[in-house]
Amino acid sequence: RAGVAAMAAPAPAHTDAYAPDAMAAGGALSRVAGASLLSQGAEARVWELPSFLGRHAVAKQRFAKRYRLPALDAKLTTRRLANEARSLAKARKLGVRAPAGYSVD
């Protein structure tokens, strides 16, 4: 199962439009009204959300790696998602300007 984290977002740096076929491959977040794909890398897709709990936000969606054993992939994804959320929270607590985590799934 892929993990998703919604975070506070800075003002959009650019407004590049992405092709509809790229968004169709994005899973559930591609069906969120007004969501737009900002970036995709080897580990995750980053989406801009028009509103999450009434605030501007981005969502990071980690996706399954088909070349890994499913149990290993699930464990790695869960650990990486938890470590990222913990690191962001710790950075904010120390005064570093980092995104605030709204929700982690």
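Presented here is a report on the structure given in the accompanying data block. In this numbering scheme, every chain counts its residues from 1 along its sequence in written order. Local features are withheld for residues below a pLDDT of 70 in this predicted model, meaning they are given only at 70 or higher, and side-chain atom pairs are given and counted only at 80 or more; totals for whole chains, interfaces and linings count all residues. The side-chain values count all of the structure's non-hydrogen atoms but skip hydrogen atoms and water molecules.

1. Thoughts on the overall build of the chain
At step 1: Helix and strand content of the chain: 2 helices and 5 strands.
At step 2: Ordered by position from the N terminus, the helices and strands of the chain form the series β-α-β-β-β-α-β.
At step 3: Partly exposed describes any residue whose relative accessible area lies between the buried limit of under 20% and the exposed limit of over 50%, with all areas from a 1.4 Å probe on protein chains only and scaled to the type maximum. Out of the 105 residues belonging to the chain, those deemed buried represent 30%.
At step 4: Working rule for contacts: check all heavy atoms of both residues, and any pair within 4.5 Å makes them a contact. Restricting the contact set of the chain to residue pairs at least 6 apart, pairs at least 24 apart contribute 45%.
At step 5: We get accessible surface area from the Shrake-Rupley algorithm with a probe of 1.4 Å; when it comes to residues, only the shown protein chains can shield them. In the form shown here, the chain has an accessible surface area of approximately 7000 Å², with 58% of it arising from carbon and sulfur atoms. Secondary structure elements follow DSSP: runs of H or I no shorter than four residues count as helices, runs of E no shorter than two count as strands, and numbering proceeds from the N terminus.

2. A word on empty space enclosed by the protein
At step 1: Both site types are read off a 1 Å grid over the protein atoms alone. A 1.4 Å probe that fits but cannot get out defines a cavity, while an open set with protein on both sides within 12 Å along at least five of seven lines defines a pocket; lining residues have an atom within 4 Å of a point. Grid points are joined across faces, edges and corners, and a volume is the space filled by probe spheres set on the points. Tallied over the full model, the rule gives 1 cavity of 30 Å³ or more.
At step 2: In this structure, the largest cavity encloses a volume near 50 Å³.
At step 3: If you go around the largest cavity, the residues you meet are Glu43, Arg62, Phe63, Lys65, Arg68, Asp73, Leu76, Thr77 and Arg80.
At step 4: Sorting elements by how many residues they give to the lining of the largest cavity places helix α2 (residues 70-93) first, with 4 residues.
At step 5: Here the residues of the lining of the largest cavity are counted per class, giving 2 nonpolar, 1 polar and 6 charged. Polar here means any residue other than Ala, Val, Leu, Ile, Met, Phe, Trp, Tyr, Cys and Pro, which are nonpolar, and Asp, Glu, Lys and Arg, which are charged; Gly is therefore polar.

3. Some details on the pairing of strand β2 (residues 36-40)
Side-chain positions along a regular strand alternate between the two faces of the sheet.
At step 1: Pairing between two strands requires that DSSP report at least two bridges joining them. The pairing of β2 with strand β3 (residues 44-52) spans 4 bridges and is classified as antiparallel. The residue bridging Ser39 from the neighbouring strand is Val46, located in β3.

4. Some remarks on the packing of aromatic side chains
Where two aromatic rings form a pair, the distance of their centres and the angle of their planes describe that pair.
At step 1: Stacked, tilted and edge-to-face are the three classes assigned to paired rings of Phe, Tyr and Trp, where Trp is represented by its six-membered ring and a pair needs centres within 6.5 Å; plane angles under 30 degrees give stacked, over 60 edge-to-face, the rest tilted. All told, the structure shown has 1 aromatic pair when counted by the stated rule.
At step 2: The interplanar angle of 10° and the centroid separation of 6.0 Å between the aromatic rings of Phe52 and Tyr102 together place this pair among those described as stacked. With Phe52 in strand β3 and Tyr102 in strand β5 (residues 101-104), this pair connects stretches of sequence that are 50 residues apart.

5. Quick notes on α2
At step 1: Given a helix with a known number of residues, its expected span is that number minus one, times 1.5 Å. Helix length check: α2, at 24 residues, gives a terminal C-alpha distance of 35 Å against a target of 34 Å (1.5 Å per residue), a fit within 8%.
At step 2: For α2, the complete set of buried residues consists of Asp73, Thr77, Leu81, Leu88 and Ala91.
At step 3: Trailing α2 by a residue or two, Gly95 shows a phi angle of about 95°, which is positive.

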